[in-house]
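Chain by chain, the residues:
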Amino acid sequence: MQASLYERLGGIDAITAVVEDFAGRTAGDSRINGKFVKTDLDRLKRMLVDQVCEASGGPCTYSGREMKEAHRGMGVTAGEFDALVEDLVATLSQFNVPAAEQLELLGMLGPMKVDIVEVDGPETGTPLSELYEPAPPLATS
């Protein structure tokens, strides 16, 4: 029996390292970083780790908002979504994640595009709407 994608990705430590790098990469990408100006980055990173962990068969439980709700009002374009995927692929490649695992992970994330993209166009670097309401910051314990 083949190991789960979670195991093949290297488990929680590897997923966390990838998410950290990916968050830094997107923060430096002018094609998409404007969409994150109201975002609690610690919350986003924790939610991404949990989401990838759970989706790949790991022991985590994603407790964040549904994708449609989380991205409502952001005005994400198809071009910005594609830029984000490019950043993810670059991060996965930097961590030497094999192509088969990259494709499997992207196959799990790809269907979310319909719930994230609000503008069907190739534009990138579009401003975040003033009306966008981000999730509240994580509670500190």
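Chemist: Explanation requested: the side chain of Lys 35 in the structure shown.
Modeler: Take Lys 35: it is sitting in the loop between α2 (11–27) and α3 (41–55). By relative accessible area, which is 3% here, Lys 35 ends up buried. Within polar-contact distance, the side chain of Lys 35 engages the backbone oxygen of Met 74 at 2.8 Å. A polar contact is formed between the side chain of Lys 35 and the backbone oxygen of Pro 127, at a distance of 3.2 Å. In contact with Lys 35, not counting residues within four places along its chain, are Met 74, Gly 75, Val 76, Glu 80, Thr 126, Pro 127 and Leu 128.

Chemist: Which parts of the structure should I look at to understand helix α5 (residues 78–94)?
Modeler: Helical periodicity: at 3.6 residues per turn, an α-helix aligns residues three or four positions apart in one direction. With 17 residues, α5 should cover 24 Å at 1.5 Å per step; its first-to-last C-alpha distance of 24 Å lies within 8% of that length. Residues of α5 that are buried include every one of Ala 78, Gly 79, Glu 80, Phe 81, Ala 83, Asp 87, Leu 88, Thr 91 and Leu 92, and no others. The inward-facing, buried residues of α5 contact α2, α6 (99–109) and α7 (113–116). Just past α5, the residue Asn 96 takes up positive phi, approximately 60°.

Chemist: Just to check I follow, could you spell out the packing of α5 against α6 for this structure?
Modeler: For any two helices packed against each other, one specifies the inter-axial angle together with the distance between the axes. As a packed pair, α5 and α6 sit with axes 11 Å apart at the nearest point and diverge in direction by 150°. As far as their axial angle goes, α6 and α5 are roughly antiparallel. Seen along the crossing, α5 lies across α6 with a hand that is right-handed. Residues Val 85, Leu 88, Val 89, Leu 92 and Ser 93 of α5 touch α6, and the partners they reach there are Gln 102, Leu 105, Leu 106 and Leu 109.

Chemist: Teacher, can you tell me more about the environment of Asp 120 here?
Modeler: Take Asp 120: it is sitting in the segment after α7. For Asp 120, a relative accessible area of 78% translates into the label exposed. Along the backbone, Asp 120 and Gly 79 are 41 residues apart, and their C-alpha atoms lie at a distance of 8.1 Å.

Chemist: Just checking my understanding: could you explain the packing of α2 against α3 for this structure?
Modeler: Running from amino to carboxyl end, α2 crosses α3 at an angle of 135°, the nearest separation of the two axes being 9 Å. In terms of orientation, α2 lies oblique with respect to α3. Our pair here, α2 against α3, has a crossing hand that is right-handed. In this structure, α2 contributes Ile 12, Ile 15, Thr 16, Val 19, Glu 20, Phe 22 and Ala 23 to the contact, and α3 contributes Lys 45, Leu 48, Val 49, Val 52 and Cys 53. Across the contact of α2 with α3, the residue classes break down as 9 nonpolar, 1 polar and 2 charged.

Chemist: Sorry if this is basic, but what is going on with the nonpolar core here?
Modeler: Residues Leu 9, Ile 15, Leu 92, Leu 105 and Ile 116 are the most contacted members of the largest nonpolar core, which totals 27 residues. The residues contacting Leu 105, other than those within four sequence positions of it, are Leu 5, Val 52 and Leu 92.

What counts and what doesn't
Residues numbered from 1 in each chain as written. Predicted model: local features only at pLDDT ≥ 70, side-chain atom pairs only at ≥ 80, totals over all residues. Heavy atoms only, no water. Helix = DSSP H or I, 4+ residues; strand = E, 2+ residues; numbered from the N terminus. Buried < 20%, exposed > 50% of the residue type's maximum accessible area, 1.4 Å probe, protein only. Polar contact = N/O pair within 3.5 Å; in protein donor to acceptor, adjacent residues only side chain to side chain. Contact = heavy atoms within 4.5 Å. Expected span 1.5 Å × (residues − 1). Axes fitted to C-alpha atoms, helices over the stretch in contact; angles between N-to-C directions. Parallel < 35°, antiparallel > 145°, perpendicular 65-115°, else oblique. Left-handed = near helix turned anticlockwise from the far one by under 90°. Nonpolar A, V, L, I, M, F, W, Y, C, P; charged D, E, K, R; others polar. Core = buried A, V, L, I, M, F, W, Y, C linked by side-chain atoms within 4.5 Å.

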